[in-house]
Amino acid sequence: FNSKRKAQKKVQQANQKQLEPLEKFKLLFTEPTEVFEKIDEPTITPALGFFAVISLIASIITYGLYSIFIGAVSGSIWTGASMIAFGGTFFVIGLVATFIVAGIVHLTAKILGAEGTYTDTYSVVTYSIIPAMVFSIIPYIGLLAYIYSIVLMTFGLAYRHSISKGKAVVAALAPFIIIMILV
């Protein structure tokens, strides 16, 4: 079954055109059950690059808004250097976190009988996190976006790893469960 899935994947990738970044972004919000059928990439590079660009844009907006708010409250605006250092640090942490979260999700999925590769998992995790990252700056909407991201990740893991949605949701929640246990 695994070799059949790999053969189907190679044919699908050969027949599939590369989606433009805006098309990918739109699919994350408009076709949550089908997005991972349409975004199927052979390496982690496109997912990492897309995440980095969206993360950078979200960081600039977030830290710009926080700077304005903090400046209004405290009477001073952060210096440019401190904003860049603070934002840059969290940007790098976010990129590293994608690999750690994907690793935990992948290990959990494999324990539960998943058939896909780490590349499949990384792609699903990274693209799934984007809605939460984009909307996390909006109070209450950010929480709903995190829930949506877990649902999106569940659909993607179930599809890419040929596992049930129940197993996929367990794998998707594994990093959050581990954080809750450790904290």
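How each quantity is defined
Every chain's residues receive numbers from 1 upward, in the order its sequence appears when written. Reporting of local features is limited, given that this is a predicted model, to residues whose pLDDT is at least 70; pairs of side-chain atoms are given and counted only at 80 or more, and all residues count toward the totals for whole chains, interfaces and linings. Processing note: side-chain calculations cover all non-hydrogen atoms of the structure and skip hydrogens and water entirely. Patch definition: residues above 30% relative accessible area lacking any salt bridge, with like charges linked at up to 9 Å and the nonpolar side chains Val, Leu, Ile, Met, Phe, Trp and Tyr linked at up to 5 Å. Calculation of accessible area relied on Shrake-Rupley with a 1.4 Å probe; when residues are assessed, cover is drawn exclusively from the protein chains displayed. Any Lys or Arg side-chain nitrogen located within 4 Å of an Asp or Glu carboxyl oxygen qualifies as a salt bridge. A run of H or I in DSSP becomes a helix once it reaches four residues, and a run of E becomes a strand once it reaches two; helices and strands are each numbered from the N terminus. A 1.4 Å probe rolled over the protein chains alone gives each residue an accessible area, and that area as a share of the maximum for its type sets the label: buried under 20%, exposed over 50%, partly exposed in between. We place a 1 Å grid over just the protein atoms. Points where a 1.4 Å probe fits but has no way out form a cavity, open points with protein on both sides within 12 Å along at least 5 of 7 lines form a pocket, and any residue with an atom within 4 Å of a point lines it. Grid points are joined across faces, edges and corners, and a volume is the space filled by probe spheres set on the points. Polarity classes work like this: nonpolar for Ala, Val, Leu, Ile, Met, Phe, Trp, Tyr, Cys and Pro, charged for Asp, Glu, Lys and Arg, and polar for all others, with Gly in that last group.

A. Looking closely at a nonpolar patch on the surface. Together, F29, F135, I138, I141, L143, L144, I147 and V151 make up an exposed nonpolar region whose accessible area comes to about 680 Å². With five residues, the top contributor of residues to the nonpolar patch is helix α7 (residues 141-161). I138 sits in the partly exposed class, given a relative accessible area of 36%.

B. Structural context of the layout of surface pockets. By volume, the largest pocket amounts to about 710 Å³. Surrounding the largest pocket, 29 residues form its lining, F51, G94, I129, M133 and Y146 being those nearest its centre. Those elements that provide at least two residues to the lining of the largest pocket are α4 (45-74), α5 (80-111), α6 (118-135), α7 and α8 (165-182). Looking at the lining of the largest pocket, the element that brings in the most residues is α5, giving eight residues. Of the residues contributing to the lining of the largest pocket, the split by class is 21 nonpolar, eight polar and no charged.

C. Region of interest: the pattern of salt bridges. By the definition in use, this model includes four salt bridges. The partner of K38 in a salt bridge is E31, with the nearest N and O atoms 2.6 Å apart. The residue D120 makes a salt bridge to R160 at a minimum N-O spacing of 3.9 Å. You can see D120 sitting in helix α6 and its partner R160 sitting in helix α7, a full 40 residues away along the chain. Per residue, the accessibility class of D120 equals that of R160, and both read buried. Members of the salt-bridge network, linked through shared partners, are D40, D120 and R160.

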